[in-house]
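Residue-level structural notes
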Amino acid sequence: MMALPRPEILSMTEPQSADAAAFAEARERYRREREKRIRPDGIAQFQDMTGDLAAFDRDPFADPELTREPVDEEVEVLVMGAGFAGMLTAINLKAHGVHDVRILDKAGDFGGTWYWNRYPGCMCDVESYTYLPLLEETGYMPTEKYASASEIFEYCRLMGRHFDLYPHALFSTVVEDAEWDEAAGRWHVTTSRGDHLRARFFVTAGGILAKAKLPGIPGIGDFRGAAFHTSRWDYDVTGGGPTEPMDRLGDKRVGIIGTGATAVQVVPQLATTAREVYVFQRTPSAVGERNNGPTDVDWFRSLEPGWQAERIRNFTQVVTGAQPEVNLVGDGWTTAMWEDTHVKVDDPEEAARLERSDFETMEGLRRRVDEIVEDPETAEQLKPWYGKHCKRMCFHDEYLPAFNRPNVHLVDTDGRGVERVTPTGVVAGGQEHPIDVLVFASGYEVTTELASRLGFDPRGRGGLSLTERWSDGPHTLHGVLTAEFPNLLMIGIAQAGFGTNFLHFLAESAKHVAWIIAACEREGVATIEATPEAEEDWWAVLREQSRLIAGYSAHCTPGYYNNELSFDEKTARNLVYTGSILDYAGFLERWRAAGDFPGAAVVTG
Ligand code: NDP
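Presented here is a report on the structure given in the accompanying data block. From a predicted model like this one, the values you see are computed outputs, not experimental measurements.

The rules behind these values
- Residues numbered from 1 in each chain as written.
- Predicted model: local features only at pLDDT ≥ 70, side-chain atom pairs only at ≥ 80, totals over all residues.
- Heavy atoms only, no water.
- Helix = DSSP H or I, 4+ residues; strand = E, 2+ residues; numbered from the N terminus.
- Buried < 20%, exposed > 50% of the residue type's maximum accessible area, 1.4 Å probe, protein only.
- Salt bridge = Lys/Arg side-chain N within 4 Å of Asp/Glu carboxyl O.
- Axes fitted to C-alpha atoms, helices over the stretch in contact; angles between N-to-C directions.
- Parallel < 35°, antiparallel > 145°, perpendicular 65-115°, else oblique.
- Left-handed = near helix turned anticlockwise from the far one by under 90°.
- Contact = heavy atoms within 4.5 Å.
- Nonpolar A, V, L, I, M, F, W, Y, C, P; charged D, E, K, R; others polar.
- Polar contact = N/O pair within 3.5 Å; in protein donor to acceptor, adjacent residues only side chain to side chain.
- Expected span 1.5 Å × (residues − 1).
- Near = heavy atom within 4 Å.
- Areas by Shrake-Rupley, 256 points an atom, 1.4 Å probe, with all protein chains shown as cover.
- Phe/Tyr/Trp six-rings, centres within 6.5 Å; stacked < 30°, edge-to-face > 60°.
- Lys NZ or Arg CZ within 6 Å of the ring centre and 35° of its normal.

Although it is not a glycine, Asn487 sits at a positive phi angle of roughly 60°. Mapped onto the fold, Asn487 is located in the loop between helix H16 (466–469) and strand S19 (488–490). Of note, the phi angle at Glu564 is positive, near 55°, even though the residue is not glycine. Residue Glu564 is classed as buried on the basis of its relative accessible area of 7%.

Counted according to the given criterion, the structure contains 45 salt bridges. Taking the shortest distance from any N to any O, the salt bridge between Arg29 and Glu33 comes out at 3.2 Å. Residue Arg29 and its partner Glu33 are both found in helix H1 (residues 20–37); the two are separated by four residues, about one turn of the helix. What makes Glu33 buried here is its relative accessible area of 9%. Salt bridges sharing common partners tie together Arg29, Glu33, Lys36, Arg37, Asp414 and Arg416.

With that settled, the discussion passes to the packing of helix H2 (residues 84–95) against helix H17 (residues 502–522). H17 packs onto H2 with a crossing angle of 40° between their chain directions and a minimal axis gap of 8 Å. Here H2 is positioned oblique relative to H17, judged by the angle of their axes. In this structure, H2 meets H17 at a crossing whose hand is right-handed. Counted together, Phe84, Ala85, Leu88, Thr89, Asn92 and Leu93 of H2 and Leu503, Leu506, Ala507, Ala510, Lys511, Val513, Ala514 and Ile517 of H17 form the full contact between these two elements. Its residues assigned to classes, the contact of H2 with H17 shows eleven nonpolar, two polar and one charged.

This part covers the environment of Arg248. Locating Arg248 in the fold gives a position in the loop between helix H7 (235–238) and strand S10 (253–257). With relative accessibility at 45%, the residue Arg248 sits in the partly exposed group. Engagement of the side chain of Arg248 in a polar contact is seen with the backbone oxygen of Asp236, the distance being 2.4 Å.

For H17, built from 21 residues, the straight-helix expectation of 30 Å at 1.5 Å per residue is met to within 8% by its first-to-last C-alpha distance of 30 Å. By the criterion of burial, H17 is predominantly enclosed, with 17 of the 21 residues buried. In the segment just after H17, Gly524 is the residue with positive phi, at about 65°.

So, about the packing of H2 against helix H6 (residues 149–162). Running from N to C, H2 and H6 point in directions that differ by 20°, and their axes come no closer than 11 Å. Here H6 runs roughly parallel to H2, going by the angle between their axes. For the element pair H2 and H6, the recorded crossing hand is left-handed. Packed against H2, whose contacting residues are Phe84, Met87, Leu88 and Ile91, the element H6 presents Ile152, Tyr155, Cys156, Met159 and Gly160 at the interface. By residue class, the composition of the contact of H2 with H6 is eight nonpolar, one polar and no charged.

Turning our eyes to something else, we now look at the site of the ligand. As a matter of local geometry, the ligand sits amid 25 residues, with Asp125, Thr262, Arg282, Thr283 and Tyr560 nearest to it. For the ligand, an oxygen atom lies 3.1 Å from a polar atom in the backbone of Met123. Ala441 is positioned with one of its backbone polar atoms (N or O) 3.4 Å from an oxygen atom of the ligand. Relative to its unbound accessible area of 910 Å², the ligand is 90% covered by the protein chains. At three residues, the largest contribution of residues to the shell around the ligand is made by helix H8 (residues 261–271). Of the residues assigned to the shell around the ligand, the class counts are twelve nonpolar, nine polar and four charged.

So, on to H8. Within H8, nine of the eleven residues are buried, which leaves the element mostly enclosed by the surrounding structure. Among the residues of H8, those classed as buried are Thr262, Ala263, Val264, Gln265, Val266, Val267, Pro268, Leu270 and Ala271. Taken together, the buried residues of H8 touch S10, strand S11 (276–281), strand S12 (287–288), strand S13 (394–395), helix H14 (399–402) and strand S14 (408–412).

Going through the model one piece at a time under the given rule, you end up with 34 aromatic pairs. Ring centres of Phe498 and Tyr561 lie 5.8 Å apart, and the angle between their planes is 90°; on these two criteria the pair is classed as edge-to-face. Note that Phe498 is positioned in the loop between S19 and H17 and Tyr561 in the loop between helix H18 (532–554) and helix H19 (569–572), a separation of 63 residues in sequence. On the basis of relative accessible area, Tyr561 is assigned to the buried category, the value being 10%. These aromatic residues form a ring-pair network of at least three members: Phe505, Trp538, Tyr577, Tyr584 and Phe587. Residue placement shows Arg573 over the ring face of Trp539; its charged tip is 4.6 Å from the ring centre.

Remember that the coordinates give geometry; whether it matters functionally is a separate question.
Here it is, written out as structure tokens:
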């Protein structure tokens, strides 16, 4: 998954079973749908929220009047990012006795994703008992199996208080520059608020899906109505709030571009509050049953110490097809992903069986559309024709029913996408749809250059920028250390872990980063960075692992999982570890257990 190196398009095995004709038909349908969506511009089809579109990136939640004196200080560790990754890094550092930590964030509070994403209906699709970190340590009991974004954001603030992180934080502060000062052996970081911060270790924990993107279609800047990205929801326009129904859309025609995991949560909220809703679809999501409900208090209180680590581990095992003896979470994810169907197997019969299993899962989801959506033409357009590992699967009980409402209109673009925005509407299929409020549920940059996603270009030894060092794509050890950038520790997605439960990956990364820093302090290590040889060894591990799924992914419709099916070698190096997070964590654990920083260039003194 994600930015695969150019795969051999595997010739898929011939169907063996009696219903070979149905398979052949479905396979042909998958192929046609994929072909329809392939674009020569790949990830270049999007644009970021800068220049003429900079207003899209305004923080609607922060206090615009906030002022503070610039900070000039030296700390042991500077962490950029106050989301879960940054918070967990600081918490782990404190546990190791490293307290001299400063945390910076562009956002106005802790929370990261959950600070920015306050769109109506926003929730986490991974169950709260597995997703929310450190529940045993904080003693917090989530109110529901799937927590709302508001509850998660509040939990982030609770973590900030519980672990005494607030005194460490500088919010509404954007890093503008970061340079390694060789003589001082410190990172020198400057910010939008005139701060000068020097730190021995610099941790970038800027988020995985943090930099919102807009479709690269003409006319967005000319739109005269209100327009915003889902991660910057404008409640001044819509009325209401994250926990209050929107009350200013009753006379408005609202358009929403995109039908991914975010839109699936937003559309039902728009459906019940706007006069008309136009959902512009390029590729439908696969939407299974959610079945949310309140936490069973007796059950929660009966959980034995250590339960959460076990549950997190169990969830990852189940959704990566390890098929453990018990399925503790027992939800849509764990049912749909019980069998890992995207691994390459040599036995043709087993390959055919896996393909059939994948097809059956998706057939079930397509049948669900027919069962719920009353208009047959709309139902047909809402059916996903791709494999179950191709896009993030969604689970929602109100999304499909929303299309039965007379005010909700699916504008299916037959894989081509919206063509342009006019001052008064959206053009798709050559037809203009008049719109008053336009919502972009168009996702995030994932495989663009790290400097683009960080918002600055770190400079390492001799002023070398990360963009220069990575001119042919990322080079890292475990996605964390990189050569020529001493004491820079990255928590991000390039060459690191990935999986259904992002928190599992972030928690393992934060643990690792904090361990490295604490070990360096303990052992008098002045600088640590990857060796180029270790970077190549890790790249070989990533490539080898990815071969197991490259064929599957190449057959998928384009999206951020497969880098929009563009396979240039540079972006391919953003490849994640495509095996289980548990296996990725195993690499990190073994590396730590070795005790002598294998593959790292270390200078003591
Ligand atoms: P996605 O990247 O998944 O979706 C973007 C959507 O915009 C797609 O439907 C895409 O179509 C569409 N799009 C892009 N360009 C055009 C165009 N020109 N015309 C029409 N449509 C267009 O972004 P999301 O914000 O939905 O989700 C991103 C990720 O965020 C998820 O995969 C998930 O990891 C995370 N997330 C997690 C949630 C959770 O509960 N844990 C909830 C929400 C999001 P196409 O598919 O054809 O490219």
